[in-house]
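Spelled out from the first residue to the last, the chains are:
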Amino acid sequence: MSANERATRALREILLHPGNDACADCGAPDPSWGSCSLGVFICLACSGIHRNIPDVSKVKSLSLSHWEDHEVQFMAQNGNDLMKSKYEAAVPVYYYKPTHKDCQVLREQWIRAKYERKEFSEPGKNFTYEEGTRDGMLMKRGRDNGQFLSRRFVLSEREGTLKYFTKYDAKEPKAVIKVDTMNATFQPEKIGNPNGLQITYLKDYSTRNMFVYHDSGKEIVDWLNSIRAVQLHYLKVAFPGATDAELLPRLTRNFLKEGYMEKTGPRQTEGFKKRWFTLDHRRLMYFKDPLDAFAKGEVFLGNKDHGYNAYPGLPASAHCNGAWQHGITIETPDRCFLFTCETESDQQDWLKHFTDVMSATMSPQEYTMEALFKHRP
């Protein structure tokens, strides 16, 4: 057996150690790369990020690269669990730890924060996200003209708000966003920028979208984690008896699903029109364009025991004159909503998300939201 074959066999055995079966950075299954300088097993996507910090991490393919005996031994002595206990010793509870499903900028800044900046290696360290205020310029998309222009944003823990100003020295903010109604999620493809962040908040009981970016990946990810830190502080004050585990799901969240469907109006005799849909837990919103500031409409998805249901197909009375034939009917206590999808797989995916949401127990806050939906003007 050659030295290379021996190394490959040894690495396969080390992969069987607890914790080594998933990428140390994003959790993707079956990592096929390793950092022989950090002692962690990582996936192909994360290995590309490690390659950009060569002073910190030296990566090799587990099957295609040549491994020295001392490198194999180093991997055996360390491994993912031990290195996580070192490099993730003091990750703040609110810090967003990306998964393999998250975008490049989130994963890159997580990896750089861990290994390059060693942000989480020492307990008791002061974090930039916890300074109570954040003040800076972000490029914001204009609501009407679609142009991105530099705007000043100010996040305040004391006030529990995010404000933005059209001019740096403006006295009055253009908008004041309460952190308890705010969400922030990365949308690089939709926004057309690798650092694109979508901020949503409630305005007059309707969801308002705002699209921003910063040229610096670190800066925009720092904004996300600062928002999460302020949100957690707000929630701890509002719900003093709640645990971190109970509060974390109420911080920023990714949308459950987005994409195009066609829909018809309440009389179900109008033509089906193509709309962009966003499912944000129990709120199904639809837009004429993915980058619209306001939804054309919203549907609240309550619990199935309270008159909410979703099933494939359309009622026999519905006249489906659209291009898409894979129907979905959503029943609410007030009315039925009819949609069509382009493909059967898309229909099945939307239906799975709808039924999952409708099967979940509703929180007191969601009952309040349901009541607001019913009494909206």
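Residues numbered from 1 in each chain as written. Predicted model: local features only at pLDDT ≥ 70, side-chain atom pairs only at ≥ 80, totals over all residues. Heavy atoms only, no water.

Per an unreviewed UniProt entry, the protein is named ArfGAP with dual PH domains 1, and its organism is Sparus aurata. In its Subcellular location (unreviewed entry) section, UniProt records this for the protein: "Cytoplasm". (UniProt positions renumbered as here; feature names shortened; annotations may be inferred.)

K.L.:
Could you clarify how one ought to interpret the domain arrangement of the protein in this entry?
P.N.:
In many reports, interface size means the accessible area that the parts give up when they come together. When the domains of the protein are assigned, the result is domain 1 (3-116), domain 2 (133-250) and domain 3 (257-375). Computed from C-alpha coordinates alone, the two centres of domain 1 and domain 3 are separated by 41 Å. (Domains from an automatic or database assignment.)

K.L.:
Mind showing me how you'd approach the side chain of T329 here?
P.N.:
As for its position among the elements, T329 is in strand 16 (residues 326-331). Those residues in contact with T329 that lie beyond four places of it in its chain are N309, A310, Y311, G313, L314, P315, C336, F337 and L338. (Helix = DSSP H or I, 4+ residues; strand = E, 2+ residues; numbered from the N terminus. Contact = heavy atoms within 4.5 Å.)

K.L.:
Sorry, what's going on with the packing of aromatic side chains here?
P.N.:
How two aromatic rings sit relative to each other is given by the distance of their centres and the angle of their planes. Applying the stated criterion to the full structure yields 16 aromatic pairs. An angle of 35° between the planes, with centres 5.7 Å apart, marks the rings of Y95 and W110 as tilted. Of this pair, Y95 sits in the loop between helix 4 (80-87) and helix 5 (104-116) while W110 sits in helix 5, and the two are 15 residues apart along the sequence. For the pair Y95 and W110, a shared accessibility class is recorded, and that class is buried. Aromatic side chains F277 and W350 sit 6.4 Å apart centroid to centroid with 75° between the ring planes, which places their arrangement in the edge-to-face category. Placement of the pair is F277 in strand 12 (residues 273-280) and W350 in helix 9 (residues 344-359), with a sequence separation of 73 residues. On the basis of relative accessible area, F277 is assigned to the buried category, the value being 0%. One aromatic cluster is present, built from ring pairs that chain together Y94, Y95, W110, F120, F127 and Y129. The aromatic ring of W223 is capped on one face by R134, whose charged end is 5.4 Å from the ring centroid. Sitting over the face of the ring of W350, K257 holds its NZ or CZ atom 5.0 Å from the ring centroid. (Phe/Tyr/Trp six-rings, centres within 6.5 Å; stacked < 30°, edge-to-face > 60°. Buried < 20%, exposed > 50% of the residue type's maximum accessible area, 1.4 Å probe, protein only. Lys NZ or Arg CZ within 6 Å of the ring centre and 35° of its normal.)

K.L.:
Help me out: how do you make sense of the pairing of strand 10 (residues 206-213) in this one?
P.N.:
One face of the sheet, then the other: side chains in a regular strand alternate in exactly this way. Within strand 10, seven of the eight residues are buried, leaving the element largely enclosed by the surrounding structure. Hairpin connection of strand 9 (residues 197-203) to strand 10: two residues between the antiparallel strands, including D204 at a positive phi of 55°. (Pairing = 2+ DSSP bridges.)

K.L.:
Help me out: how do you make sense of the sheet that holds strand 3 (residues 59-61) in this one?
P.N.:
Strand pairs in the sheet, formed through backbone hydrogen bonds, run parallel or antiparallel to each other. Judged by pairing direction, the sheet is antiparallel, and its three strands sit side by side in the order 2-1-3 without closing on themselves. Each having just a single partner strand, strand 2 (40-42) and strand 3 make up the two edges of the open sheet. Sheet twist, expressed as the mean angle between neighbouring strand axes with direction ignored, is 30°. The pairing of strand 1 (residues 33-35) with strand 2 spans three bridges and is classified as antiparallel. In the strand pairing of strand 2, G34 is matched with F41. Sheet strands in contact with helix 2 (residues 44-51) are strand 1, strand 2 and strand 3, and its direction is about 120° off that of strand 2. (Axes fitted to C-alpha atoms, helices over the stretch in contact; angles between N-to-C directions.)

K.L.:
Please clarify how helix 3 (residues 69-77) should be interpreted in this entry.
P.N.:
Each turn of an α-helix holds 3.6 residues, which means side chains three or four residues apart point in the same direction. Listed as buried for helix 3 are E71, V72 and M75. Buried residues of helix 3, seen end-on, are gathered within an arc of 100° and therefore sit on one face of the element. Exposed side chains of helix 3 directed beyond 90 degrees from the buried face belong to D69, H70 and Q77. Two residues or fewer past helix 3, G79 is found with a positive phi of approximately 90°. (Arc of directions from axis to C-beta.)

K.L.:
Please clarify how the UniProt feature "domain: PH" (unreviewed entry) in the protein should be interpreted in this entry.
P.N.:
According to UniProt, the feature "domain: PH" (unreviewed entry) maps to residues 131-232 and 254-359 in the numbering used here. Between the end C-alpha atoms of residues 131-232 the distance is 13 Å, and the span holds 20% helix and 45% strand.

K.L.:
Help me understand the environment of G241, please; the structure alone is not making it clear to me.
P.N.:
You can see G241 is positioned in the loop between helix 7 (217-238) and helix 8 (244-247). Look at G241 and you get exposed, because its relative accessible area is 73%. The spatial distance from the C-alpha of G241 to the C-alpha of A318 is 50 Å, given a sequence separation of 77 residues.

K.L.:
How should I be thinking about helix 7 in this particular structure?
P.N.:
The end-to-end C-alpha distance of helix 7, which contains 22 residues, comes to 32 Å, matching closely the 32 Å that a straight helix rising 1.5 Å per residue would cover. For helix 7, the capping residue at the N-terminal end is S216, with a side-chain oxygen 3.4 Å from the backbone nitrogen of K218. (Expected span 1.5 Å × (residues − 1). Polar contact = N/O pair within 3.5 Å; in protein donor to acceptor, adjacent residues only side chain to side chain.)

K.L.:
Can you walk me through the pairing of strand 13 (residues 283-287) in this structure?
P.N.:
Among the five residues that make up strand 13, five are buried, leaving the element largely enclosed by the rest of the structure. Residue alternation in strand 13 divides its side chains into two sets, R283, M285 and F287 and L284 and Y286, and both sets are buried. The sheet contact formed by strand 12 and strand 13 spans five bridges and is antiparallel. The residue of strand 13 that forms the bridge with T278 is M285. Hairpin connection between strand 12 and strand 13: a loop of two residues separates the two successive antiparallel strands, and H281 in this loop has a positive phi of roughly 55°. The sheet contact formed by strand 13 and strand 14 (residues 297-300) spans four bridges and is antiparallel. When the sheet's bridge partners are listed, Y286 is paired in strand 14 with G297.

K.L.:
For this particular structure, what's the right way to read the pattern of salt bridges?
P.N.:
Where charged atoms of side chains with opposite charge meet at close range, the side chains can pair. Across all of its chains, the model carries 23 salt bridges by this definition. The partner of D144 in a salt bridge is R143, and the shortest N-O contact between them spans 3.7 Å. Since its relative accessible area comes to 47%, R143 is described here as partly exposed. If you follow the salt bridges from partner to partner, you end up with D25, E88, K97 and K114 in one network. (Salt bridge = Lys/Arg side-chain N within 4 Å of Asp/Glu carboxyl O.)

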